[in-house]
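Here is how the chains run, residue by residue.
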Amino acid sequence: MSAVHEMLFLFLLALTPAILFPLLYERADLLIQQEQNVRKRLSYHVVLAVTCAISMIFSSIFTTKLYGIIPLTYGMVPLFAAMLYEKTVYSLLLAALQLVLYIINEDFRNLSDFLLVTGLLIFPLVLLSKKKFLVMSRRGKSGILALFLLVGSMLSTASPFFLHNESLNNNFSLIFLAYSNTFLMILAGLILIHIIEETLDKRKFQYQLEAVSRKYYREEEKMQQMMDATPLSVALLDRQGSITMLNKTFLKLFREIQPDAVREDLLGHHLLPVLTSLQIHMEQLDPELLRVFEQRSIVSELVQIQDTMLFTSISPIIKGHSDEVIGAVVVVQDITELETLRLELNNVDRLSLVGQMAAGITHEIRNPIAVVRGFLQLMREKSPDSLDHYYRIVLEELDRANSIINDFLSLAQNRPVRKEATSLGDIIHELTPLLWADANLRGQSIEVKLDEHIPKLELNAKEIKQLILNLCRNGMEAMEDKGQLTLETRKVAAGVELLVSDTGPGIPLNKRENLFQPFFTTKAKGTGLGLALCKSIVERHNGKVSVDSEVGVGTTFSILFPYPPQAS
Ligand code: ADP
Ligand code: MG
């Protein structure tokens, strides 16, 4: 019976790698990953070699012979398994260990014994089949190891009978034990293969899982950053309507109410109270949320909160290839600016319509005025001189009305004009007598500084005259006696510049931006159409008008007429 005990004990020793290997391999792998903080796969080679070596050493120490005849060579089990799984270096080292252990622990009787009992004879076969072994299925691997163990065990079992002329003497229990021994060795080998494969598979699976989860987190990060980059407020909802994800813009929206809110304050909360706190009251949102989830329809609504206009929409998220709604995405877009723009556009449309109508009406008024003026003139000649004063006032007012109508018409009929190559200097020369007379009446002086080398420009002379007259008249009206008006032309890089400067009171900054708007005037009898007209004239000549003014010093209006493209 003690022989059976010995066999079972050695069987268990041969199986130590089955316990040690999974244990140590996992520990070592985790340790390395924690310490070095690197995602590197630990190769199993060292751990397997060490655990097999331990098993071989113990098997060798405790090895005995059945009935003192048949050697029990359980060391072959971890040895062959390791040789098949290991790199060649480790395989050779373990093979050498096997031989050394034999020499140390068993009396080295002769070479043949050494060859058969250590399994040295089949080492080359084991080494050669390693490459094929590693790519085999688990069943194939089991088969190969079982085969080698069968051969190894049979050779060592048979060795005493070959070499020392021992005989069985019909000792049936010995035969039975010898067979059992071979069977146990093979069984140990199969168990070992099973455990090693399981351990490696498990590790591989864990690595795959880690890789997949890393990828998942990376994708989630990307998705969050993508959402954060959009200018829309976006939030994702789960099936219950709770917020599972939100972007920065959404958080910003919420921070207008709770300035120190963080993402976590919103995550996991139901959408409805969040929207309510944002004062976004989507009518019957509760049933609508249901609609999103049950009928898979997109719900959208314009919501006005004081001056802000929000476009809110909730769309379902549907699980791929099915009809199941797994959540929803909420988008809140601030469309205040768009909305004001739209309203302004409407306004502009209306204004231009009004303008066109006004232009038509004004045209019709001009004719009766002309008739009235003619008859007034006649009546004035036939009336006594004492009434002359009244006639003058009436005629002046009529002329004023007429000039307003003219300016307004020019402004309203913003149509292209005929331009021809004209010298700006010539136009100014023609105007100077008129300007001198005007200035003289007011006790002011005029200086004209013309650059003689200015090329001819594509101008509409009539309009440019009107432009210059308007600017000069404004300058003169702004100045007191002794003021000086300067008219200047000069060449600059981009074109020709016309400057009209005065020494008047200047224009404060807050008024400057309204200067060119129609009907902006600070004068009791002003029309506010002069500069608006100037601007439209300059624009028709593709030019630019700008104002430079210092309060208390004076004002300069500059107009840039750019060179036509081919001349520049
Ligand atoms: P109006 O002359 O009928 O008032 P304009 O469009 O010509 O209309 O001018 C608009 C306003 O711009 C004027 O009322 C005046 O306040 C201001 N302005 C124009 N030119 C000057 C200037 N050279 N100096 C000071 N203010 C000026
Ligand atoms: Mg004016």
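All figures in this text were calculated on a predicted structure; none of them were measured in a lab. (Residues numbered from 1 in each chain as written. Chains lettered and ligands numbered in written order. Predicted model: local features only at pLDDT ≥ 70, side-chain atom pairs only at ≥ 80, totals over all residues. Heavy atoms only, no water.)

**Here's the deal with a nonpolar patch on the surface**
A cluster of nonpolar residues, F9, I57, F58, I61 and F62, forms a patch on the protein surface that exposes about 440 Å² of accessible area. With three residues, the top contributor of residues to the nonpolar patch is helix α3 (residues 45–61). Residue placement: I61 occurs in helix α3. (Patch = residues over 30% accessible without salt bridge, like charges linked within 9 Å, V, L, I, M, F, W, Y side chains within 5 Å. Areas by Shrake-Rupley, 256 points an atom, 1.4 Å probe, with all protein chains shown as cover. Salt bridge = Lys/Arg side-chain N within 4 Å of Asp/Glu carboxyl O. Helix = DSSP H or I, 4+ residues; strand = E, 2+ residues; numbered from the N terminus.)

**Re the site of ligand 1**
N474, D502, T521, T522 and K523 are the nearest of the 17 residues found near ligand 1. Here an oxygen atom of ligand 1 and a side-chain polar atom of N474 are 2.8 Å apart. In this structure, an oxygen atom belonging to ligand 1 sits 2.4 Å away from a side-chain N or O atom of T522. Relative to its free-state accessible area of 530 Å², ligand 1 is covered by the protein chains to the extent of 92%. For the shell around ligand 1, the secondary-structure elements that each account for two or more residues are α17 (461–478), α19 (530–540) and β14 (554–562). Element by element, the count of residues in the shell around ligand 1 is highest for α17, at three residues. For the shell around ligand 1, the class distribution of residues is six nonpolar, nine polar and two charged. (Near = heavy atom within 4 Å. Polar contact = N/O pair within 3.5 Å; in protein donor to acceptor, adjacent residues only side chain to side chain. Nonpolar A, V, L, I, M, F, W, Y, C, P; charged D, E, K, R; others polar.)

**With respect to the packing of α17 against α19**
Running from N to C, α17 and α19 point in directions that differ by 145 degrees, and their axes come no closer than 9 Å. In this structure, α17 crosses over α19, and the sense of that crossing is left-handed. On α19, the residues touching E463, Q466, L467, N470, L471 and N474 of α17 are G530, L531, L533, C534, I537, V538 and R540. Looking at the contact of α17 with α19 residue by residue, the class counts come to seven nonpolar, four polar and two charged. (Axes fitted to C-alpha atoms, helices over the stretch in contact; angles between N-to-C directions. Left-handed = near helix turned anticlockwise from the far one by under 90°. Contact = heavy atoms within 4.5 Å.)

**Concerning the sheet that holds strand β12 (residues 495–502)**
Sheet strands pair by backbone hydrogen bonding; their relative direction is either parallel or antiparallel. Spatially, five strands are ordered β9-β11-β12-β14-β13 in an open sheet, and the strand pairing comes out mixed. If you trace the sheet from one side to the other, it starts and ends with β9 (445–449) and β13 (544–550), each paired once. The sheet shows a mean angle of 15 degrees between the axes of neighbouring strands, direction not considered. Running at roughly 170 degrees to β9, helix α16 (residues 424–442) makes contact with β9, β11 (484–491), β12 and β14 of the sheet. (Pairing = 2+ DSSP bridges.)

**Considerations on the sheet that holds strand β7 (residues 325–334)**
The antiparallel open sheet is built from five strands, whose spatial order is β4-β3-β7-β6-β5. Two strands in the sheet have a free side with no partner beyond their single neighbour: β4 (243–246) and β5 (299–305). Between one strand axis and the next, the sheet turns by 20 degrees as a mean value, whatever way the strands run. Direction of pairing for strand β3 (residues 233–237) relative to β4: antiparallel, over a ladder of three bridges. By the bridge assignment, L237 is partnered in β4 with I243. Together, β3 and β4 form the strand contacts of helix α9 (residues 172–229), whose direction differs from that of β4 by roughly 65 degrees.

**Overview of unusual backbone geometry**
Although it is not a glycine, K482 adopts a positive phi angle of roughly 70 degrees. Mapping K482 onto the fold places it in the loop between α17 and β11. Backbone geometry places N542, a non-glycine residue, at a positive phi of 60 degrees. Residue position: N542 is located in the loop between α19 and β13. By relative accessible area, N542 is classed as exposed at 58%. (Buried < 20%, exposed > 50% of the residue type's maximum accessible area, 1.4 Å probe, protein only.)

**Comments concerning the environment of H269**
With respect to the secondary-structure elements, H269 resides in the loop between α11 (263–266) and α12 (271–277). Given a relative accessible area of 39%, H269 falls into the partly exposed group. Separated by 28 residues in the primary sequence, H269 and G241 place their C-alpha atoms 8.4 Å from one another. Setting aside residues up to four positions removed in sequence, H269 forms contacts with G241, S242, I243 and V274.

**Topic: helix α4 (residues 76–85)**
Taking burial as the measure, the ten residues of α4 include ten buried ones, the bulk of the element. Turning to α4, its buried residues number three or more, namely M76, V77, P78, L79, F80, A81, A82, M83, L84 and Y85.

**Points about the pairing of β12**
For β12, a buried count of eight out of eight residues is recorded, marking the element as mostly surrounded by other parts of the structure. Strand direction decides the pairing type here: β11 and β12, joined by six bridges, are antiparallel. Across the sheet, residue K491 finds its bridge partner in β12, namely V496. Taking the residues between adjacent antiparallel strands as the criterion, β11 and β12 are bridged by three residues. Pairing analysis gives eight bridges linking β12 to β14, with the strands arranged antiparallel.

**Observations concerning the environment of L190**
Looking at the element boundaries, L190 is found in helix α9. By relative accessible area, which is 33% here, L190 ends up partly exposed. Along the primary structure L190 and L30 are separated by 160 residues, whereas in three dimensions their C-alpha atoms are 27 Å apart. Not counting chain neighbours up to four residues away, the residues in contact with L190 comprise S142 and A146.

**So, helix α10 (residues 248–255)**
Of the positions making up α10, those classed as buried are T249, F250, L251, L253 and F254. Where the residues of α10 are buried, they touch α9, β3, β4, α11, α12 and β7.

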